[in-house]
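Below, each chain spelled out in residue letters.
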Amino acid sequence: MSRHHPKSTTLAEFAAGTLDEGRSLVVASHLAMCGKCREYVSALEEAGGQMLAEIAPVAMAPGAAAHVMSLLDRETDAPSVQARKQSVMPVWQPEQKTLLGYELGPWRRVAPGLRHRVVKVPSEGGARVFMLKAAPGLKIPGHNHTGTELTCVLSGAFIHEGGRYAAGDCDDADHDDGHSPVIDGDEECICLVAMQGEFKLSGLIGRLMQPFVRI
Amino acid sequence: MPTAAYTITCSADLARLIEAVAAERDREAFTALFDYFAPRIKAVLMRSNTSPAAAEELAQDAMLTVWRKAAQFDRTRASASAWIFTIARHLRIDVARREQRSKVLDLESTEFLEPPPQPDEELDAGEREQRVRAALSHLTDDQIKIVRRSFFEGKAHGDIARELELPLGTVKSRIRLAMNRLRDLLGELT
């Protein structure tokens, strides 16, 4: 069970449908592994439902109901009987070519012990989404960003100033949260990241990596 | 006048109507749902900067989606209004992303995310309905105002700031405080 969760406002934007697609993908990955946050999102949807029930209605155009009823005749499909499959698919397995329906680019080496792959999210103007795979013991150079960085650990673990982040944990960082993660344990750590703004590395290695990590 | 079977007095009545649409393709039930929800969906869309014409069309689309997806409704997992809220949300996202279907929040792919049952953390829909009602009643009027605009109506922070004549920074911190308060209340009211 995860111990680090997205901020309330991030989950609220997700539940409202106003969060950009890239960060929504990271939140969805966290939700798949976190019952607490799933329940919070369901509660927000319930709150949305209650507000919908209480809103002052605005009359539909004359004949709107009749128009929609006439369209139903074209809806030939019977309602799907197998509506709810109870199958549990893990969000991430090593051989997967997609993540929750999104296509993944090839792994590319960006530095010794660090690989990167693009997650193809079509919406423009949102966050850049990618996966990072880091070798055990790797110390990612200290960095901060001009925008926000939302990370969900898919496997393995890292430690930084905010604590230890293992599979399912989410790091919802603002631009002023500079950090320098270290991969913990003897397993590779795979993270899903949605980043807005620029990624700024500090230190010599960071400056050397900067051209590669500019995604 | 609607007959008793199609009268809406509580949340369970709405759930029964959706179930009738799912099981029997009941058009009278669908009409009752349309009359109740379409003008409300139109209203919330108009409040989030959608033109009346577009809001009208989206509300109709939402109701067609209700007809198509009625079989996916499960009253033990969500109340009828919460379910319809998510349908309206998907349509709003589709429009915002210029018709690109969002895979993450799409009704089809959420099945993919079907979680393992965790009874300790996830509530029965009826229980959740009570808890959410209680939590909302504990928010101050100002907090409700902020939650309604930012979360329910999905307004941009800048628009809220203009509407409430508050500085942007104040709006952002009020949203954060209100959402944190709501999350705490939902946690406390067990």
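Residues numbered from 1 in each chain as written. Chains lettered and ligands numbered in written order. Predicted model: local features only at pLDDT ≥ 70, side-chain atom pairs only at ≥ 80, totals over all residues. Heavy atoms only, no water.

### Describing the overall build of chain B
For chain B, the helix and strand inventory stands at nine helices and zero strands. Listing each helix as α and each strand as β along chain B from the N terminus yields α-α-α-α-α-α-α-α-α. Relative to its 190 residues, chain B shows a buried fraction of 52%. When contacts within chain B are restricted to residue pairs at least 6 apart in sequence, those whose partners lie at least 24 apart make up 56%. Roughly 9,000 Å² of accessible area belongs to chain B as shown, and the carbon and sulfur atoms make up 52% of that amount. (Helix = DSSP H or I, 4+ residues; strand = E, 2+ residues; numbered from the N terminus. Buried < 20%, exposed > 50% of the residue type's maximum accessible area, 1.4 Å probe, protein only. Contact = heavy atoms within 4.5 Å. Areas by Shrake-Rupley, 256 points an atom, 1.4 Å probe, with all protein chains shown as cover.)

### A short note on the overall build of chain A
When you go through chain A residue by residue, the secondary structure sums to five helices and 13 strands. The buried share of chain A, reckoned over its 215 residues, is 55%. When the accessible surface of chain A is totalled, it reaches about 9,700 Å², and 55% of it is carbon and sulfur.

### Concerning the pattern of salt bridges
Evaluated as defined, the whole model comprises 15 salt bridges over all chains. One connected set of salt bridges, linked through shared partners, spans B:R47, B:R149, B:E153, B:K155 and B:E163. (Salt bridge = Lys/Arg side-chain N within 4 Å of Asp/Glu carboxyl O.)

### Re the confidence of the model for chain A
Averaged over all residues, the pLDDT of chain A equals 83, while 80% of them reach at least 70. Every residue in residues 81-88 of chain A scores below 50 in pLDDT, and together they form 15 contacts with partners more than four places removed in sequence or on other chains. (pLDDT = per-residue confidence, 0-100.)

### Focus on unusual backbone geometry
Residues and elements named next belong to chain B. The backbone of R25 shows a phi angle near 50°, a positive value even though the residue is not glycine. Structurally, R25 is set in the loop between helix 1 (11-24) and helix 2 (27-47). In this structure R25 comes out as partly exposed when scored by relative accessible area, which is 21%. The phi dihedral of N49 falls on the positive side, at around 60°, and the residue is not glycine. When you line up the elements, N49 lands in the loop between helix 2 and helix 3 (52-69).

### Points about the packing of helix 1 (residues 8-16) of chain A against helix 4 (residues 80-96) of chain B
Running from N to C, helix 1 of chain A and helix 4 of chain B point in directions that differ by 85°, and their axes come no closer than 9 Å. Judged by the inter-axis angle, helix 1 of chain A sits roughly perpendicular to helix 4 of chain B. Contact residues: A:F14, A:A15 and A:A16 in helix 1 of chain A; B:F85, B:R89 and B:R92 in helix 4 of chain B. In terms of residue class, the contact of helix 1 of chain A with helix 4 of chain B is made up of four nonpolar, no polar and two charged. (Axes fitted to C-alpha atoms, helices over the stretch in contact; angles between N-to-C directions. Parallel < 35°, antiparallel > 145°, perpendicular 65-115°, else oblique. Nonpolar A, V, L, I, M, F, W, Y, C, P; charged D, E, K, R; others polar.)

### Focus on the packing of aromatic side chains
Evaluation of the coordinates by the stated rule reveals seven aromatic pairs over all chains. Look at A:F158 and A:Y165: their rings are 5.1 Å apart centre to centre, the planes differ by 15°, and that puts the pair in the stacked class. In this structure, A:F158 and A:Y165 share a single accessibility class: buried. Seen from their ring centres, B:F85 and B:F152 are 6.2 Å apart, and the 20° between their planes marks the pair as stacked. Within this pair, whereas B:F85 is found in helix 4, its partner B:F152 is found in helix 7 (residues 141-152), the two being separated by 67 residues in sequence. With relative accessibility at 4%, the residue B:F85 sits in the buried group. By relative accessible area, which is 1% here, B:F152 ends up buried. Here the aromatic cluster, defined as three or more aromatic residues joined through ring pairs, consists of B:F30, B:F34 and B:W67. It is B:R40 that lies over the ring of B:Y36; its NZ or CZ is 3.9 Å from the centre. The positively charged end of B:R183 is found above the aromatic ring belonging to A:Y40, 4.7 Å away from the centroid. (Phe/Tyr/Trp six-rings, centres within 6.5 Å; stacked < 30°, edge-to-face > 60°. Lys NZ or Arg CZ within 6 Å of the ring centre and 35° of its normal.)

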